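Descriptive structure summary
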Amino acid sequence: MLLILDDLLSPDELETITSTLEDAEFLDGKRTAGWHAKVVKQNSQLEKSSPQHEKLEVLVKAALSRHPLVTTALYPSAVHSILFSRYQNGMAYGLHVDNALMGSGDRRYRSDVSWTLFLSEPDGYTGGELVIEGSEGEQVFKLKAGSAIFYPSCFLHQVKTVTDGVRLAAVGWVQSLVRDSQQRDLLFDLDVVRRSLFQSQGKTTEFDLISKTHANLLRQWADP
Ligand code: NI
């Protein structure tokens, strides 16, 4: 499932992030790419050890964790490896798949869900679409600033060439308690149905049975 969250950031948060990035130091994005993705990655990224990165990472993580759909659709055990990227002057990130494992030591995480948080308004740059080769073919996204898309990390994807203007974005990954995206989708559908039943008819026998099924599938599939 592809999940789009409009206005994940408040206008104030968006302003804080973009104004902080204006004065920040960016480095070549190839530094954090896997050996094969390096070949097609042309962008610049905020230095991870900078104080700006620390501040913005906290802000973005808080925005993600407060959204109820992040919890019910993704079951995050960790939101990790956040990067702030900038594309301009013909930069692009060609077709690639994200590394399955990221980080090292105690901070080694699996990438189950990839996400992009758009930070520039779409009319501020030309090109720069996120293209995902999902199970239903190629899908193209260019979201408004402050909105985010989440997609299974198993898909090939790319960022088209930015031929004019500047495209700022944050990207990152979710390690999920439920690593299989189809299992997450089943749980999500059941959760939506049981909440809707509860809303319309209260705590009925049907609600109890669906809740039981949801809980028991989660028990089988979750790997905390
Ligand atoms: Ni990627």
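Aromatic ring pairs are defined here through the distance separating the ring centres and the angle between the ring planes. Tallied over the entire structure, the rule returns one aromatic pair. Sitting above the plane of the F26 ring, R86 keeps its charged end 4.2 Å from the centroid. Across the ring face of Y125, the terminal group of K142 is positioned such that the distance to the ring centre comes to 4.2 Å.

When two helices pack together, their arrangement is captured by the angle between the axes and the distance separating the axes. Packing of helix α1 (residues 11–22) against helix α2 (residues 51–66) brings their axes to within 11 Å, and their N-to-C directions diverge by 155°. Taken together, the axes of α1 and α2 are roughly antiparallel relative to one another. Of the two elements, α1 crosses α2, and the hand of that crossing is left-handed. Contacts from E13, T16, I17, T20 and L21 in α1 reach Q52, K55, L56, L59, V60, A63 and R66 in α2. Residue composition of the contact of α1 with α2, grouped by class: six nonpolar, three polar and three charged.

Let's shift gears to the coordination of the nickel ion. Within the first shell, the nickel ion binds the protein through H96 (NE2), D98 (OD) and H157 (NE2), at distances of 2.1 Å. Along the chain, the residues donating to the nickel ion fall in the pattern H-x1-D-x58-H. Placement of the pair is H96 in strand β6 (residues 92–96) and H157 in strand β14 (residues 156–159), with a sequence separation of 61 residues. In this pair, the class of H96 matches that of H157, namely buried.

Each assigned domain of the chain is listed with its residue range as follows: domain 1 (3–176) and domain 2 (181–221). Here the C-alpha centre of domain 2 lies 31 Å away from the C-alpha centre of domain 1. The interface is formed by nine residues belonging to domain 1 together with eight residues belonging to domain 2. Of the roughly 640 Å² buried between domain 1 and domain 2 on both sides combined, carbon and sulfur atoms contribute 64%. Sorting the residues of domain 1 by area buried against domain 2 places T72, A73 and Y75 first, and these three jointly supply 65% of that buried surface.

Let us look at the pairing of strand β5 (residues 76–87). Two elements, strand β4 (residues 44–46) and β5, share two bridges in a ladder whose sense is antiparallel. Within the sheet, the bridge partner assigned to S44 lies in β5 and is R86. Here nine bridges tie β5 to strand β16 (residues 167–176), and the two strands are oriented antiparallel to one another. Considered in β16, the bridge of P76 is made with S176.

Conventions we followed
- Residues numbered from 1 in each chain as written.
- Predicted model: local features only at pLDDT ≥ 70, side-chain atom pairs only at ≥ 80, totals over all residues.
- Heavy atoms only, no water.
- Phe/Tyr/Trp six-rings, centres within 6.5 Å; stacked < 30°, edge-to-face > 60°.
- Lys NZ or Arg CZ within 6 Å of the ring centre and 35° of its normal.
- Axes fitted to C-alpha atoms, helices over the stretch in contact; angles between N-to-C directions.
- Helix = DSSP H or I, 4+ residues; strand = E, 2+ residues; numbered from the N terminus.
- Parallel < 35°, antiparallel > 145°, perpendicular 65-115°, else oblique.
- Left-handed = near helix turned anticlockwise from the far one by under 90°.
- Contact = heavy atoms within 4.5 Å.
- Nonpolar A, V, L, I, M, F, W, Y, C, P; charged D, E, K, R; others polar.
- Donors = N, O, S within 2.8 Å, 3.2 Å for Na, K, Ca; no water.
- Buried < 20%, exposed > 50% of the residue type's maximum accessible area, 1.4 Å probe, protein only.
- Domains from an automatic or database assignment.
- Buried area = accessible area lost by both parts, 1.4 Å probe.
- Pairing = 2+ DSSP bridges.

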